[in-house]
Amino acid sequence: MEPGPAISAGDLTVNRGGHEVLHGIGFEVPRGQITGLLGPSGCGKTTLMRAIVGVQVVESGRVEALGEPAGSEALRHRVGYVTQAPSVYGDLSVRENLAFFARVLGARMERVEETIEAVSLGEHVDQVVGSLSGGQRSRVSLGTALLGEPDLLVLDEPTVGLDPVLRQELWATFGKLAEGGTTLLVSSHVMDEAEHCDALLLMRDGRLLATETPAGLRERTGCQGLEDAFLALIEEEGRGA
Amino acid sequence: MSIRVTGAVAHRVLLQLRRDPRTIALLLVVPPVLLTLLKYAFDANPAAFQSIGGPLVGLFPFITMFLVTSITMLRERTTGTLERLMSMPLAKLDLLIGYGIAFALVATAQAVIASLVAFGLLDLDVAGSTLAVGALAVGNALLGMALGLFVSAFAQTEFQAVQFMPAFVFPQLLLCGLFVPRDEMAPLLEAVSYALPLTYAFDALQRVTVDGSLGPTGWVDVTVTVVVTLMALALGAATLRRRTP
């Protein structure tokens, strides 16, 4: 594994829709781990992820992925990004979607079958994506990002709306990827998902509340549930301000 | 740019079309039906059908490809697939040329069927070669595609994209000389018509269908059409952003 953090940001400020959404945040994400980006809806998680993959116009500050400025050409092979809304072609079948993106990425064609397996869509390969359920569709979108075997995977709420069994399976998949050396940044507004992460970035209102491990967070706040721990952090910050 | 990626885009666009047989049917059937309507609407005045019909065969692909491209591109933008592609190792040219290849194939099919019906069944006669009419038709399809791509950047919804057709295409159809010779228009409109790309596309078609060959002016028309197509493609490429606010 290369040295240095997988993601590094400093004093990052981003405006969206005429408002400042990220207020000068800085952090580092270690390589080969699952880092959870947690916080309530509307706190700026998606904007931060967009900045990391380089599709977001940044006001000021710096953000780097895998040692390169975010969005640079060399990263287009190495970073996979899954948006919250599934961005795949609704009028193509699962296999046609994956085969198309595999050709764009220059991935081996065997990756298509491997990916279908990884996201458990074997029964639906020839089904048109538009006729799949929301959860299945978002797995096609996730599969698209896995095709190129990226070093960094940025996943925006990948487990929202999935049934518990499937969610467990996906987290197991993420775990396997991390074991294989992939860095994952996974956002969620459900605090319980933090359990599956090695490290946590806790966000609120465009600021970072804390960078902690789940265990560290429990210790620091004295709370067992991560939901309570998050609330305790907010209170702590309120007192500090 | 890569042939692999360009080919993947063209293949994908055609696959999507195949999944939509109704659109294919409309694309292929509507032009011959309209030509048939035109012939019998001018039942008492066959000369009018003869003078409008030929150029119209070459203009249909312009109109349909303008509409099809602006909606398809808008969909790529709104469903997030464009953003995903832009974050992948794909050159903007791969996307544009891929679309160009797919739509040129569709336009060819459209022009062939319209020509077969017009020249074979409806007794439409043109002075020049029907092959030249077909070639101009495909060129006009690419012009329509390039303009559609460009204007799609200014539409936020499919409603707006559809409205761009009467806004951008109808004035050009009215002023290109198809319905009224341009020198019979109010001087201001005649002057305006020189600034509209369809004027040149129509003029080239008229030279082939009436004069029998392009001639030097016709080649100027073709050159203008090609240059405008390339300019619109370049402007369209500029609207494909890797980073958005």
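Residues numbered from 1 in each chain as written. Chains lettered and ligands numbered in written order. Predicted model: local features only at pLDDT ≥ 70, side-chain atom pairs only at ≥ 80, totals over all residues.

The next thing to look at is the overall build of chain A. When helices and strands are counted, chain A shows seven helices and 10 strands. Compactness check: chain A gives a C-alpha radius of gyration of 18 Å against a globular reference of 18 Å for 241 residues, within 12% of the reference. By principal-axis analysis of the C-alpha atoms, chain A measures approximately 55 × 40 × 35 Å. Relative to its 241 residues, chain A shows a buried fraction of 48%. Considering only contacts in chain A between residues 6 or more positions apart, those separated by 24 or more positions represent 67%. (Helix = DSSP H or I, 4+ residues; strand = E, 2+ residues; numbered from the N terminus. Rg over C-alpha atoms; globule rule 2.2 N^0.38 Å. Buried ≥ 20, exposed ≤ 12 C-beta atoms within 10 Å, placed from the backbone. Contact = placed C-beta atoms within 7 Å.)

Counting from both sides, the interface comprises 24 residues of chain A and, opposite them, 23 residues of chain B. If you tally residues by element for the side of chain A that touches chain B, the top one is helix H2 (residues 94-105) of chain A, at five residues. Partitioning the side of chain A that touches chain B into residue classes produces 12 nonpolar, seven polar and five charged. (Nonpolar A, V, L, I, M, F, W, Y, C, P; charged D, E, K, R; others polar.)

With that settled, consider the nonpolar core. Counting 139 residues, the largest nonpolar core has A:Ile52 and A:Val154 as the members making the most contacts within it. Ranked by the residues each element gives to this core, the list is headed by helix H6 (residues 130-152) of chain B, at 14 residues. Other than its neighbours up to four places away in sequence, A:Val154 contacts A:Met49, A:Ile52, A:Val53, A:Val79, A:Gly80, A:Tyr81 and A:Leu185. (Core = buried A, V, L, I, M, F, W, Y, C linked by C-beta atoms within 7 Å.)

What follows deals with the environment of A:Thr13. Residues and elements named next belong to chain A. Summarising the element assignment, Thr-13 is placed in strand E1 (residues 7-16). The exposure class assigned to Thr-13 is partly exposed, which follows from the 16 C-beta atoms found within 10 Å. Each C-alpha atom, one on Thr-13 and one on Gly-80, is 23 Å from the other, the two residues being 67 residues apart in sequence. Residues contacting Thr-13, with those up to four places away along its chain left out, are Glu-20, Leu-22, His-23, Gly-24, Glu-59, Ser-60 and Gly-61.

What follows is about the pairing of strand E3 (residues 34-38) of chain A. All names here are of chain A. Of all five residues in E3, five are buried, a share of seventy percent or more. The sheet contact formed by E3 and strand E8 (residues 183-188) spans five bridges and is parallel. Pairing of Ile-34 across the sheet is with Leu-184, part of E8. Note: E3 against strand E9 (residues 199-204), four bridges, orientation parallel. Its bridge partner being in E9, Leu-37 is matched across the sheet by Leu-201. (Pairing = 2+ DSSP bridges.)

What follows deals with the sheet that holds strand E4 (residues 60-65) of chain A. All names here are of chain A. Pairing is antiparallel in the open sheet, where four strands are placed in the order E2-E1-E4-E5. For this open sheet the edge positions go to strand E2 (19-29) and strand E5 (68-69), each flanked by a neighbour on one side alone. Note that E1 and E4 share five bridges and pair antiparallel. Residue pairing in the sheet places Thr-13 in a bridge with Ser-60 of E4. Relative to the sheet, helix H1 (residues 45-53) contacts E1, E2 and E4, its axis offset from that of E1 by approximately 120°. (Axes fitted to C-alpha atoms, helices over the stretch in contact; angles between N-to-C directions.)

All names here are of chain B. The end-to-end C-alpha distance of helix H3 (residues 46-78), which contains 33 residues, comes to 47 Å, matching closely the 48 Å that a straight helix rising 1.5 Å per residue would cover. At Val-57, H3 shows its maximal kink, close to 40°; a proline, Pro-61, follows between one and four residues later. Downstream of H3 by a residue or two, Gly-80 has a phi angle that is positive, lying close to 85°. (Expected span 1.5 Å × (residues − 1). Bend = angle between axes of the 7 residues up to and from the residue.)

The next thing to look at is the packing of helix H2 (residues 21-41) of chain B against H3(B). All names here are of chain B. Running from N to C, H2 and H3 point in directions that differ by 160°, and their axes come no closer than 10 Å. If you check the angle between H2 and H3, you find them roughly antiparallel. Note that H2 runs across H3; the crossing there is right-handed. Only Phe-49, Ile-52, Gly-53, Leu-56, Phe-60 and Thr-64 of H3 make contact with H2, whose side of the interface consists of Leu-27, Pro-31, Leu-35, Leu-38 and Lys-39. For the contact of H2 with H3, the residue count by class is eight nonpolar, two polar and one charged. (Parallel < 35°, antiparallel > 145°, perpendicular 65-115°, else oblique. Left-handed = near helix turned anticlockwise from the far one by under 90°.)

Let us now look at the pairing of strand E6 (residues 79-82) of chain A. All names here are of chain A. Burial along E6 is two-sided: the residues Val-79 and Tyr-81 and Gly-80 and Val-82 are all buried. Here E6 pairs with strand E7 (residues 152-155) via four bridges, running parallel. Paired with Val-79 across the strands is Leu-152, a residue of E7.

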